[in-house]
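Breakdown of the fold
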Amino acid sequence: MCTGLEVAALATTLAGTGAGVAANQMEQSAMQDKVAQENQRQALYQQQANKVFTNSLAQSTQPVAAKQIAQGSVQAAQGYATAQRAPISSATTSMQGQTNISQGRDAASQQQSNTARAANAGYSNYDIQQWIKDLDARNRMSLISTNAQNSANVLPSELQHAQHSWDGLAQGGQLLTTVGGLAGMYGALGAGAGATTAVDAGDLGGVGATGAQAGTSAIAPTASLGNVLINRPIVRQPIY
Amino acid sequence: MCGGGGDTSLRDQQAEQERRIGYGSGLIDKAYSGFTPQFYADRATAYNNYAMPKLNQQAAQQGKQLDYRMANQGLLNSTAAGDLQSSLNRETATQKQGIIDQGISLSNDLQKNVNQSKSNQVAELQASGNPAASQQSALTAASGFTAPSAFAPVGNLFQQWGNIYGAGQLAQAYAANSPYSTANRGNIGAPTTATTLSVK
């Protein structure tokens, strides 16, 4: 049969243990929350990087290449045409020796050369535009990567804090467990002493009865925690 | 203590640094915002404006020398003079193309340098996380590119043509063994020796 003290001790121990378990679970939950939050942030960074990469990739398609080559060609062709139209500062006398045919031939040759050279010049425009586009994308992705890395670097610290965020509750639980344990021990010891005395007293009763018959008497002393030995029954020998 | 929160300052610092880098990146973009396609096209035009008069000057000089040589040989208004003039015209056109190409090339180089500089500023910003310093650095670098650059001297654009036609061909034009020589007029187009090419 449990005493009030033992029940209280048991309840305290249970409360302490419960508090410890609860603290553990709260800490685990807090750590999981931190990881989940960081995963969410990293997912956002990944989305940003994907967007930059996708946009950059969209500028590397065949139609864009054709457009950039054409732009470069047009720029060069316009430059050639403008330059060819500008007359030499003083016409030479020898030009009079040129026939219309040879002048037409030269003009056609220049036109052909301009077209071919402009087409070639277009590729340099494509090259530089792609280079700039790639560099810009790399810069943007590098910024995102740095932000993501900085964010991830904070996570271990957050986990450490989360791991100890419910230490107060755990310590309180531990204290309750300790108190409950001590109280239980106290109660157990007290109950044990009472039980021993009762048993012994019962035994002694029998003995006493026997002793009475035999001319002996037994006195059961009061149980005391101070000296367990005195719990032992003192049997007085009959005086002959 | 329940709930945690001692790490808030670290997270706040990280968020603040991210904000600063984003802000600094915007400042760098702004510092380089003047480098538009028109800016680069203008730089190419500036080179054309610088080099084209020099080309014209040299072409005119070559034309005059051609006139003098033709006049000395009594070949003005001749077919030979016409051919040489045609050759000079083609060479002039080629040199004009070269100048245009050079202008475009300078423009492309400038674009590369500007964008590389911008990239360096972004990298510096990431390392320092200091937008103000990055902005100053970007403005300084950008102003260095906006200043007009000194173009390299054009040089003698007709040196090769002069060597081949101005001196060489004219000197040989009426030499004894030249196909243009009166003595060899009948042999124009007829090879003097047969050459057999074998392809292995």
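Scroll up to find the structure.
Residues numbered from 1 in each chain as written. Chains lettered and ligands numbered in written order. Predicted model: local features only at pLDDT ≥ 70, side-chain atom pairs only at ≥ 80, totals over all residues. Heavy atoms only, no water.

1. Here we look at the overall build of chain A
The helix and strand tally for chain A stands at 4 helices and 2 strands. When the elements of chain A are put in sequence order from the N terminus, they spell out α-α-α-α-β-β. Looking at the 240 residues of chain A, the share that counts as buried comes to 28%. About 14700 Å² of surface is accessible on chain A, with carbon and sulfur atoms providing 61% of the total. (Helix = DSSP H or I, 4+ residues; strand = E, 2+ residues; numbered from the N terminus. Buried < 20%, exposed > 50% of the residue type's maximum accessible area, 1.4 Å probe, protein only. Areas by Shrake-Rupley, 256 points an atom, 1.4 Å probe, with all protein chains shown as cover.)

2. Focus on the overall build of chain B
Tallying secondary structure elements over chain B gives 5 helices and 0 strands in all. Considering only contacts in chain B between residues 6 or more positions apart, those separated by 24 or more positions represent 80%. Accessible surface computed for chain B: about 11000 Å², of which carbon and sulfur atoms make up 52%. (Contact = heavy atoms within 4.5 Å.)

3. With respect to the packing of aromatic side chains
Residues and elements named next belong to chain B. Overall, the coordinates contain 8 aromatic pairs over all chains when judged by the stated rule. Centroid distance F39 to Y40: 5.5 Å. Interplanar angle 80 degrees. Geometry classified as edge-to-face. Exposure class is identical for F39 and Y40. Each is buried. Relative to F151, the ring of Y50 lies with its centre 5.3 Å away and its plane at 35 degrees, an arrangement referred to as tilted. (Phe/Tyr/Trp six-rings, centres within 6.5 Å; stacked < 30°, edge-to-face > 60°.)

4. Some points on the layout of surface pockets
Approximately 620 Å³ is the volume found for the largest pocket. Considering the residues around the largest pocket, the lining is formed by 29 residues, among which Q129 and I132 of chain A together with P37, Y40 and Q111 of chain B are closest to the centre. Among the secondary structure elements, those contributing two or more residues to the lining of the largest pocket are α2 (62-85) and α3 (100-163) of chain A together with α2 (37-72) and α3 (79-128) of chain B. Residues of the lining of the largest pocket, tallied by class, amount to 10 nonpolar, 14 polar and 5 charged. (1 Å grid on protein atoms, 1.4 Å probe; cavity = no way out; pocket = protein on both sides within 12 Å on 5 of 7 lines; lining within 4 Å. Points joined across faces, edges and corners; volume = space filled by probe spheres on them. Nonpolar A, V, L, I, M, F, W, Y, C, P; charged D, E, K, R; others polar.)

5. A look at the packing of α2 of chain B against α3 of chain B
All names here are of chain B. One can describe the packing of α2 onto α3 by two numbers: an axis separation of 9 Å at closest approach and a directional angle of 160 degrees. As the angle between them shows, α2 and α3 are arranged roughly antiparallel. Of the two elements, α2 crosses α3, and the hand of that crossing is right-handed. Among the residues forming the contact of α2 with α3, the class breakdown is 20 nonpolar, 12 polar and 2 charged. (Axes fitted to C-alpha atoms, helices over the stretch in contact; angles between N-to-C directions. Parallel < 35°, antiparallel > 145°, perpendicular 65-115°, else oblique. Left-handed = near helix turned anticlockwise from the far one by under 90°.)

6. Focus: the interface of chain A and chain B
Taken residue by residue, the interface counts 50 residues in chain A and 48 residues in chain B. Between chain A and chain B, roughly 4400 Å² of surface is buried when both sides are summed, and carbon and sulfur atoms account for 52% of that area. Counting across the chain A and chain B interface gives 4 salt bridges. The salt bridge partner of R11 of chain B is E158 of chain A, with a shortest N-O separation of 3.0 Å. Applying the counting rule to chain A against chain B returns 19 residue pairs in polar contact (both at pLDDT 80 or more). Counting only elements with at least two residues in the side of chain A that touches chain B, the list comes to α1 (4-58), α2 and α3 of chain A. (Buried area = accessible area lost by both parts, 1.4 Å probe. Salt bridge = Lys/Arg side-chain N within 4 Å of Asp/Glu carboxyl O. Polar contact = N/O pair within 3.5 Å; in protein donor to acceptor, adjacent residues only side chain to side chain.)

7. Considering the pattern of salt bridges
Taken as a whole and assessed by the stated rule, the structure comprises 12 salt bridges over all chains. Here E16 of chain B and R19 of chain B are joined by a salt bridge, their closest N and O atoms 2.9 Å apart. Pair noted here: E16 of chain B and R19 of chain B are both in helix α1 (residues 8-31), with a separation of 3 residues, about one helical turn. Of the residues examined, E16 of chain B reaches a relative accessible area of 31% and is grouped as partly exposed. One salt-bridge network, held together by shared partners, links E38, R41 and E158 of chain A together with R11 of chain B.

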